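Working through the structure, step by step
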Amino acid sequence: MNILFDERLDGELVQRDKSEVLNDLQQAVPDMTLLHREEDLRPFECDGLAAYRVLPMLVALPETLEQVKGLLKRCYALGVPVVTRGAGTGLSGGALPLEQGVLLVMSRFSKILSVDPDARMARVQPGVRNLAISEAAAPYGLYYAPDPSSQIACSIGGNVAENAGGVHCLKYGLTVHNVMRVDVLTIEGEHMTLGAESFDAPGFDLLALMNGSEGMLGVVTEITVKLLPKPETAKVLMASFDDVEKAGRAVGDIIAAGIIPGGLEMMDKLAIKAAEDFVKAGYPLDAEAILLCELDGVEADVDDDCDTVRRVLEKAGATNIQQARDEAERAKFWAGRKNAFPAVGRMSPDYYCMDGTIPRRELPRVLKGIAALSEESGLAVANVFHAGDGNMHPLILFDANKEGQLALAEEVGGKILELCVAAGGSITGEHGVGREKINQMCSQFQPDEISVFHALKAAFDPKRLLNPGKNIPTLARCAEFGAMHVHNNELPHPDLPRF
Amino acid sequence: MTELAMHAADRDIADTLCEQVRSAYDARTPLRIVGGDTRAFYGRPVEGQALQMAEHSGIVSYDPVELIVTVRAGTRLSALQAALAEKHQMLGFEPPMFGEASTIGGAVATGLSGPRRPWAGAARDFVLGTRIITQEGKLLRFGGEVMKNVAGYDLSRMMAGAQGTLGVLTDISFKVLPIPNATHSLRLSLNLNDALKKLAELGRQPLPITAAAWHNGELFLRLEGGKSSVQATQERLGGESLDPSFWTSLRDHSHPFFQLNDGQALWRLSLPPNTAPLNLDIAETDIFYDWAGSQRWVKTALDADTLRAACKAVGGHATCYTPHAQGGAVEPFTPLNAVVEKYHRNLKAELDAHGIFNPGRLYAAF
């Protein structure tokens, strides 16, 4: 299946001559940086999902709201699609450009506008890095809770677009739970404020709808986030298991004991080895799985909870339990987990990261399914999970230079996601659908549900100019994808290049 | 599920409801969606044929280890809460209950949250998935029974607070929370300015506070969490101990404060955290500060425009809780600005083209 925009399946686009669009935009927004030469466009051809690359027609790098407004108004008038991009760290190709489209890069909106410690809020521009918010709030003893692993680089605008998560979601929520208000420009260039600095706003909860909408409904231009008091202390326990399923059950046992850990992560043997080789986190190489359980809060409670969790882990059959002795060791334990993706990247020329979620009780069954797929395909799979909230990140190892391996990796990935859906889960927990999982949407949703998504889109962007081809598949695409399934997964047109 | 069946009658009438919606759609008959009919006072009056949800009740699935419950919309709030309490769990948003017949569907549709809201989150924050009857009478599923799910638009959360104007909620999946191990409520004598100052100061610290209110010279606090931290905070803050039923009376408006005098209307002001007292001609005794000051209950005869202008100036909004008492002359909800209203209308037109779902409940036009 070709991942590039396919007008036959994804809908027709208006054909415009590049020089015509360039001239039009240069006249309408004369002071805005507009890249058009191939060598200038090249760095923007992909986001964090680097296997998919498309050169955009133009790249706009506005610095003022007026410029963004001007750009959107002209694109709307011309019928030119707009793909919005933040830091470009997204893993699902949500910011993959379109050949006939303008890539709107918001990275120059990088100011923290205000930090109000007494109201515990920060107003920031969309290009601000996730971690920079916590750094700005730190002098007041506050922080911004969602912490995707890419937090040193990813921008808050992209976090809103993807409803980004992180390792602390179970206790502190996703982006949607931590954003109070967004300012949005519509495709027609109108300004809207959704949400409020108060805890609610009149009307429909369009703020909830905007979070995770992948740049399909509007362009976020300012964000007000909630800040939390930094927990007094955080302690990490690392438990080793000689069996992945035992580790999976231990996760449920911790929750059943009435404890909501700040973070609860699991890694399997291959992921442990990769992380240990890379960052020397002190992980046990002989374990089949490890659990990292972080307990945070007030010192006295955390100590009580550590005791409880230790007992639960022992009972669950942990072969070894280690508590980080100090802050440095805690950071080291987490470094292994947070660097698991690049660590796996060192073991294999390429890897493909999946993002399915499942009810936790299904973990043993889904793991078995993944192991079977790995064996069948001959591709190794390293497993990293946000175990507390059932969000799995299987990493499929492959070599793109070997004939057919990328296609095979994608096929295994697709099957893993279908396993998740069959287990009552979702194809994406936090990375988004983007372009990558556009076909799997057809397994998770029925045509009638997809039609409702199209209706929502039509309410905001009837001309379908914002990020076309992402997030929600057309019914035509689902029909084609569904038909493929009927044919025993034998792809039609085997002669067509699949990049 | 037999154990849970004790709490709620287990009956699935989704097919019948779909049928009723289909007929209404074909005949362009407006529907008034009714659960326990305890929240009809909230919002504008709806003229329409009643779509009775109360029989669609029961807990569909509940796995305490997953922290997820799925429940039919007509299930009584009290029944759901009892089932959760049996497993030492609860709904995190502490929904108000304005009568025993109050249903979970109504709680989500109105999107109201109790005293815990600033610390734990609102109704929408705990909604993971929904089943919805669309205008064509189709029963569709959005979101799901997993904690994290970013596939497709988050329609489920948007249903919270939409008051049934975009579709009929039939089933809702929630994230639930363990009931905290320890709890202690206290009252401190403190004037308003000192109380607000103290709340801002406490808010910046990692303390186990889950409710904070001020009225008539007293600051009321609820501490919840681990035994050790609750005890330590209790010792630090001092004060007199407070019966926890205080919070229920505030949540459900059964506190004597909510008795109105002639000519008074009840208003809810929703304001940014740490907003100073508003410069309005209202006696201090006629204001109840909840949510550490972000939600203020006000009894007043002042007109809507005056109240709304004062709230707007500080970034908040005002809702009238007694619009009917004023002969329907007052819009219960703050009017939307032109652009936001345009997209509300578009959305309503897409999801409810013939205006059959609770027409006019939020605003006259949709």
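Residues numbered from 1 in each chain as written. Chains lettered and ligands numbered in written order. Predicted model: local features only at pLDDT ≥ 70, side-chain atom pairs only at ≥ 80, totals over all residues. Heavy atoms only, no water.

Points about the pattern of salt bridges
All names here are of chain B. The following threshold applies: The working definition used for a salt bridge is a side-chain nitrogen of Lys or Arg within 4 Å of a carboxyl oxygen of Asp or Glu. For the purposes of this entry, the term helix denotes a DSSP run of H or I that reaches at least four residues, the term strand denotes a run of E that reaches at least two, and both are numbered from the N terminus. Think of it in three bands: residues with accessible area under 20% of the maximum for their type are buried, residues over 50% are exposed, and the middle band is partly exposed, with areas taken using a 1.4 Å probe on protein chains only.
The tally for this structure, following the rule as stated, stands at 59 salt bridges over all chains. A salt bridge links Arg 345 to Glu 341, with the nearest nitrogen and oxygen atoms 2.8 Å apart. Linking Arg 345 with Glu 341, this pair stays in helix H12 (residues 338-351), spanning 4 residues, or about one helical turn. On the basis of relative accessible area, Arg 345 is assigned to the partly exposed category, the value being 42%. Judged by relative accessible area, Glu 341 falls into the partly exposed class, the value being 23%.

A short note on the domain arrangement of chain A
Residue and element names in this part refer to chain A. Cut-off, in case you're wondering: All the domain ranges listed were derived from an automatic or database domain assignment. Residue contacts follow a heavy-atom distance rule, with two residues in contact if any of their heavy atoms lie within 4.5 Å. As used here, buried area is the combined drop in accessible area, with a 1.4 Å probe, of two parts when they are placed together.
As assigned here, chain A comprises domain 1 (7-105), domain 2 (112-229), domain 3 (233-341), domain 4 (348-422) and domain 5 (441-484). Of note, the centres of domain 2 and domain 5, computed from C-alpha atoms alone, are 26 Å apart. Counting residues at the interface gives 12 residues for domain 2 and 9 residues for domain 5. Taken over both partners, the interface formed by domain 2 and domain 5 buries close to 1,100 Å², and the fraction arising from carbon and sulfur atoms is 72%. When the buried area of domain 2 at its contact with domain 5 is split by residue, Ile 187, Met 216 and Leu 217 rank highest and sum to 57% of it. For the pair domain 2 and domain 5, the number of links is 0 salt bridges.

Quick notes on the pairing of strand E18 (residues 391-398) of chain A
Residue and element names in this part refer to chain A. Quick note on the threshold: At least two bridges found by DSSP between two strands are what make those strands a pair.
Most of E18 sits inside the fold, with 8 of its 8 residues counted as buried. Burial of E18 is two-sided: the residues Asn 391, His 393, Leu 395 and Leu 397 facing one way and the residues Met 392, Pro 394, Ile 396 and Phe 398 facing the other way are all buried. With 4 bridges connecting them, strand E16 (residues 350-353) and E18 associate as antiparallel partners. Note on E18: the bridge partner recorded for Tyr 351 is Leu 397. Here strand E17 (residues 381-386) pairs with E18 via 6 bridges, running antiparallel. For Val 384, the partnering residue across the bridge sits in E18 and is His 393. With antiparallel pairing between neighbouring strands as the criterion, E17 and E18 make up a hairpin whose turn holds 4 residues, including Gly 390 at a positive phi of roughly 65 degrees.

Regarding the packing of aromatic side chains
Residues and elements named next belong to chain B. Counted only if it meets this: Each Phe, Tyr or Trp ring, with Trp reduced to its six-membered ring, pairs with another whose centre is within 6.5 Å; inter-plane angles below 30 degrees give stacked pairs, above 60 give edge-to-face pairs, and intermediate values give tilted ones.
One pass over the full model with this rule turns up 25 aromatic pairs over all chains. Judged by centre distance (5.2 Å) and plane angle (90 degrees), the rings of Phe 41 and Phe 98 are edge-to-face. In this pair, Phe 41 sits in the loop between strand E1 (31-34) and strand E2 (49-52) while Phe 98 sits in the loop between strand E5 (89-91) and helix H4 (104-110), placing the two residues 57 residues apart along the sequence. Centroid distance Phe 220 to Phe 246: 4.2 Å. Interplanar angle 25 degrees. Geometry classified as stacked. With Phe 220 in strand E11 (residues 218-225) and Phe 246 in helix H10 (residues 245-251), the pair connects residues that are 26 residues apart, well separated along the chain. The buried category is assigned to Phe 220, whose relative accessible area is 4%.

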